[in-house]
Amino acid sequence: MDRTLTHQPQEYAVSVSVGEVKLKGNLVIPNGATGIVLFAHGSGSSRYSPRNRYVAEVLQQAGLATLLIDLLTQEEEEIDLRTRHLRFDIGLLASRLVGATDWLTHNPDTQHLKVGYFGASTGGGAALVAAAERPETVQAVVSRGGRPDLAPSALPHVKAPTLLIVGGYDLPVIAMNEDALEQLQTSKRLVIIPRASHLFEEPGALTAVAQLASEWFMHYLR
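The shown structure was predicted, so the numbers you read here are calculated from the model rather than taken from an experiment. (Residues numbered from 1 in each chain as written. Predicted model: local features only at pLDDT ≥ 70, side-chain atom pairs only at ≥ 80, totals over all residues. Heavy atoms only, no water.)

Chemist: How do you make sense of the pattern of salt bridges when you look at a structure like this?
Modeler: Opposite charge on two side chains makes pairing possible when the charged atoms of those side chains draw close. A full pass over the atoms with the stated rule returns four salt bridges. One salt bridge connects Arg53 with Glu11, and the closest N-O pair in it is separated by 3.2 Å. You can see Arg53 sitting in helix H1 (residues 50-61) and its partner Glu11 sitting in strand E1 (residues 11-18), a full 42 residues away along the chain. Look at Glu11 and you get partly exposed, because its relative accessible area is 33%. When the shortest N-O distance is used, the salt bridge between Arg47 and Asp70 registers 2.5 Å. Taken together, the residues Arg47 in the loop between strand E3 (35-40) and H1 and Asp70 in the loop between strand E4 (65-69) and helix H2 (74-83) connect sequence positions 23 residues apart. Comparing Arg47 with Asp70, the two get one shared label, buried. (Salt bridge = Lys/Arg side-chain N within 4 Å of Asp/Glu carboxyl O. Helix = DSSP H or I, 4+ residues; strand = E, 2+ residues; numbered from the N terminus. Buried < 20%, exposed > 50% of the residue type's maximum accessible area, 1.4 Å probe, protein only.)

Next comes the structure, spelled out in structure tokens:
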């Protein structure tokens, strides 16, 4: 993972009210930002995921704001360590993502920013469902190793331009994303990173993901 990034803008801890729960997040708004990317992490991960944080740092360097948020509360995470059920509840995760999106549109610090989603693994499925529910707000979606198969009914209703990124070694997920590409009725692209696995841990793989995501969001959020 390439860590040769310049100084980052200040990060703030935020509490996002969604229905009856409060979700913890980390918000960064660079000077002059015109867009913000809301991250939906994958199963078993959190807002402290080193992979998502790296991508967020690259986006911040490009002048984009970011919000990394835990879509489950700490209590729910503790329950899910035993049941492993909530992390695959795409309806719940998407509803939390929609709630966080509404929070961004009402927060004085972020309400002027165009909104994009970056989803990883199951978070990719949740991002597509949420994008379909907020077509006037969500302007772009990037999915890294995403599970669009978990959001089949939402795909034809996604209006946001969508970039699907999959590792070349991640064969089952490649097939899922190829099928999703056919169902999406918006501006769309599928990029397969050669010699990369599901977590993009190979040298240069995550750097390629971050660069692709940065270019996509810069195009649609600025």
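Chemist: Which parts of the structure should I look at to understand the packing of aromatic side chains?
Modeler: Within a pair of aromatic rings, the relevant descriptors are the distance that separates the centres and the angle that separates the planes. For the structure shown, the criterion picks out two aromatic pairs. Summarising the aromatic geometry, the rings of Phe39 and Phe118 are spaced 5.0 Å apart at their centres and angled 40° between planes, so their arrangement reads as tilted. Of this pair, Phe39 sits in strand E3 while Phe118 sits in strand E5 (residues 114-120), and the two are 79 residues apart along the sequence. A ring pair is formed by Trp216 and Tyr220, whose centres lie 5.1 Å apart and whose planes are at 55°; its orientation type is tilted. (Phe/Tyr/Trp six-rings, centres within 6.5 Å; stacked < 30°, edge-to-face > 60°.)

Chemist: Hey, could you run me through the packing of helix H3 (residues 90-106) against helix H4 (residues 122-133) in this one?
Modeler: The axes of two packed helices give the description: the angle between them and the distance between them. Axis separation between H3 and H4 bottoms out at 8 Å; the angle between their running directions is 55°. Between H3 and H4, the interaxial angle falls into the category oblique. Read as a crossing pair, H3 and H4 show a hand that is right-handed. Within the contact between the two elements, H3 uses Ile90, Leu93, Ala94, Leu97 and Val98 and H4 uses Thr122, Gly125, Ala126, Ala127, Val129, Ala130 and Glu133. Here the contact of H3 with H4 is built from residues that sort into nine nonpolar, two polar and one charged. (Axes fitted to C-alpha atoms, helices over the stretch in contact; angles between N-to-C directions. Parallel < 35°, antiparallel > 145°, perpendicular 65-115°, else oblique. Left-handed = near helix turned anticlockwise from the far one by under 90°. Contact = heavy atoms within 4.5 Å. Nonpolar A, V, L, I, M, F, W, Y, C, P; charged D, E, K, R; others polar.)

Chemist: Sorry if this is basic, but what is going on with the nonpolar core here?
Modeler: Taken as a class, soluble globular proteins show a tendency for nonpolar side chains to be buried jointly. In terms of nonpolar packing, the biggest core is built from 43 residues, with Leu67 and Tyr117 touching the most fellow members. The set of elements that each furnish at least two residues to this core consists of E1, strand E2 (21-28), E3, E4, H3, E5, H4 and strand E6 (138-144). A total of nine residues in this core trace back to one element, the largest contributor, which is H3. What Tyr117 contacts, discounting residues up to four positions off in sequence, is Val37, Leu38, Leu97, Thr101, Ala127, Ala130, Ala131, Val138, Ala140, Val141, Val142 and Phe217. (Core = buried A, V, L, I, M, F, W, Y, C linked by side-chain atoms within 4.5 Å.)

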